[in-house]
Amino acid sequence: MTTLQSSTLVCSSASRGIRATLQAPKLRHLSMPKLPMRDLVEELNMRIGYTTTTQIEMKPQTTTTTSTRDDDGPSSSTVISELYAIMESVADRVEMHTNIGEQRDNWNHLLLTSINAITVAAATMAGIAASGGMGAPLVALKLSSTLLYSAATGMLLVMNKIQPSQLAEEQRNASRLFKQLHGKIQTTLALRTPTPMDVKDAMAKVLALDKAYPLPLLGTMLNKFPATVEPAVWWPQLRGPAEQEGLGGKTERNGWSGKLEEEMRDIVGVLKRKDTQEYVRLSKIVLKINKILAISGPLLTGLAAVGSAFVGSPHGSWAVFLGVVAGALASVVNTLEHGGQVGMVFEMYRSSAGFFRLMEEQIESNLKETEVERRENGKLLEMKVALQLGRSLSELKDLAASSSRNGKTTEEFGSKLF
């Protein structure tokens, strides 16, 4: 009897469970929160127990990343910051040299116009005084002419000493070279992670340019009439170790081969024998002309001042001749020297010789490097040399071949640009 009651209770409870299950859809009125799929998955993972596992797996990654940044970040970021600081200083120097170059070019034009106007006025006064002036008018004209000639002489001495056209050319060269350095730093930052050696190299180049093209006039101004003419030098000295025998064979490493080394040596020989020597020779010729003109101008205005002071004296004919003709000749000489910008031409030739000297040193420093992997890539250097000389790669090879065949008798210059 007890067994029958227990089975009855079990059946009744099971039937109630079946009814409850069948009636479950009545709970549709309950609203479930609409979660995004990502949030729903995260919630399910948290309920299942993946949260602890995920945190344990992520912690080593986070720690590793942080430690890597702490080890590598400060050094590289410091080097980058230093290069950016140098780049800002270089950009500032570009602006300074450009502005000062324009100012000194204005000096040349203004001083030339003013001195010629003073000289012509003084010659005119001397001629008027000799044409029939008497008494006080004669004295006034003589005195005015003498004072004007004296002022022109003093101004010419200063102008010939500083050579404004040459000063302007120096600043133009400095501005161009600083722009070039600015571009090289930008290229370094864009292509690879800079190193402390890049910072040291950039600093050395900035200081070398500052020394080659100083801004102030007093104390550090370049000598405009040097005793010996040398190519301009605006780069730190490039010195490699003792020269090695070279690759010799056909093996190519880092773009270098024995044949390319021989070609580069031949190119250096052509530049030394032809281009550099030619521009040094032209610099010497222009310097001699500039010296003659720089001495002649003040000498003529000084003679004209003396002649105008003796107008109306017993030797008045010679005085008038000196006062008028010497003044006219002084205007011509001044115009030739500063209107023709002879000083600028001298600096241009000297800088051109320096350009070829720099190419020679760059090639030689690569050839003297004992470790080929530390050299600049040979193919890249060859392309740079060809572009700087205004030649194609095939023309560069022909130039090296003709130099190798003919030796010092070759008549062809290395550069086709200038």
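Calculation criteria
Residues numbered from 1 in each chain as written. Predicted model: local features only at pLDDT ≥ 70, side-chain atom pairs only at ≥ 80, totals over all residues. Heavy atoms only, no water. Helix = DSSP H or I, 4+ residues; strand = E, 2+ residues; numbered from the N terminus. Buried < 20%, exposed > 50% of the residue type's maximum accessible area, 1.4 Å probe, protein only. Contact = heavy atoms within 4.5 Å. Areas by Shrake-Rupley, 256 points an atom, 1.4 Å probe, with all protein chains shown as cover. Salt bridge = Lys/Arg side-chain N within 4 Å of Asp/Glu carboxyl O. Axes fitted to C-alpha atoms, helices over the stretch in contact; angles between N-to-C directions. Parallel < 35°, antiparallel > 145°, perpendicular 65-115°, else oblique. Left-handed = near helix turned anticlockwise from the far one by under 90°. Nonpolar A, V, L, I, M, F, W, Y, C, P; charged D, E, K, R; others polar. UniProt positions renumbered as here; feature names shortened; annotations may be inferred.

Honestly, the overall build of the protein in this entry has me stumped. Any pointers?
From N to C terminus, the protein includes eleven helices and zero strands. When the helices and strands of the protein are read in sequence order from the N terminus, they spell out α-α-α-α-α-α-α-α-α-α-α. Across the 418 residues in the protein, those meeting the buried criterion constitute 35%. If you take every contact in the protein between residues at least 6 apart in sequence, the share linking residues at least 24 apart comes to 82%. Carbon and sulfur atoms form 63% of the exposed surface of the protein, whose accessible area is close to 24,600 Å².

Would you take a moment to explain the pattern of salt bridges for this structure?
Proximity of charged atoms lets side chains of opposite charge pair with each other. Scanning all chains against the criterion turns up 18 salt bridges. The closest approach of N and O atoms between lysine 397 and glutamate 382, which form a salt bridge, is 3.0 Å. Taken together, the positions of lysine 397 in helix α11 (residues 393-406) and glutamate 382 in helix α10 (residues 378-388) put the pair 15 residues apart, joining distant regions of the chain. Taking relative accessible area as the criterion, lysine 397 reaches 35% and is therefore assigned partly exposed. For glutamate 382, a relative accessible area of 4% gives the class buried.

Even after reading the chapter, I still don't get the packing of helix α4 (residues 135-162) against helix α7 (residues 258-309), so can you show me in this structure?
Contact geometry for α4 and α7: axes closest at 8 Å, N-to-C directions at 165°. Classified by the angle their axes make, α4 and α7 are roughly antiparallel. As for how α4 packs across α7, the hand of that crossing is left-handed. The segment α4 lies against α7, with Lys142, Ser145, Thr146, Tyr149, Ser150, Ala152, Thr153, Leu156, Leu157 and Asn160 engaging Ala294, Gly297, Pro298, Thr301, Gly302, Ala304, Ala305, Ser308 and Ala309. Its residues assigned to classes, the contact of α4 with α7 comprises nine nonpolar, nine polar and one charged.

Quick question: what am I supposed to make of unusual backbone geometry here?
Its identity is not glycine, yet glutamine 163 carries a phi of approximately 50°, on the positive side. For glutamine 163, a relative accessible area of 0% translates into the label buried. Positive phi, close to 50°, is recorded for glutamine 341, a residue that is not glycine. Position of glutamine 341 relative to the elements: it lies in the loop between α8 (316-339) and α9 (342-367).

Even after reading the chapter, I still don't get the packing of α7 against α9, so can you show me in this structure?
Axis angle and axis distance: for two packed helices, these are the angle between their axes and the distance between the axes, and together they describe the pair. Close contact between α7 and α9 brings their axes to 8 Å; oriented N to C, the two are set at 160°. Here α7 lies roughly antiparallel to α9, going by the angle between them. Crossing geometry of α7 relative to α9 is assigned as left-handed. Residues of the contact of α7 with α9, tallied by class, amount to 19 nonpolar, five polar and eight charged.

Explanation requested: the UniProt feature "transmembrane region" (unreviewed entry) in the protein in the structure shown.
Under the UniProt annotation, the feature "transmembrane region" (unreviewed entry) is placed at residues 110-130, 136-158, 292-312 and 318-336. Between the end C-alpha atoms of residues 110-130 the distance is 31 Å, and the span holds 100% helix and 0% strand. Secondary structure across residues 292-312 divides into 86% helix and 0% strand, with the first and last C-alpha atoms of the span separated by 32 Å.

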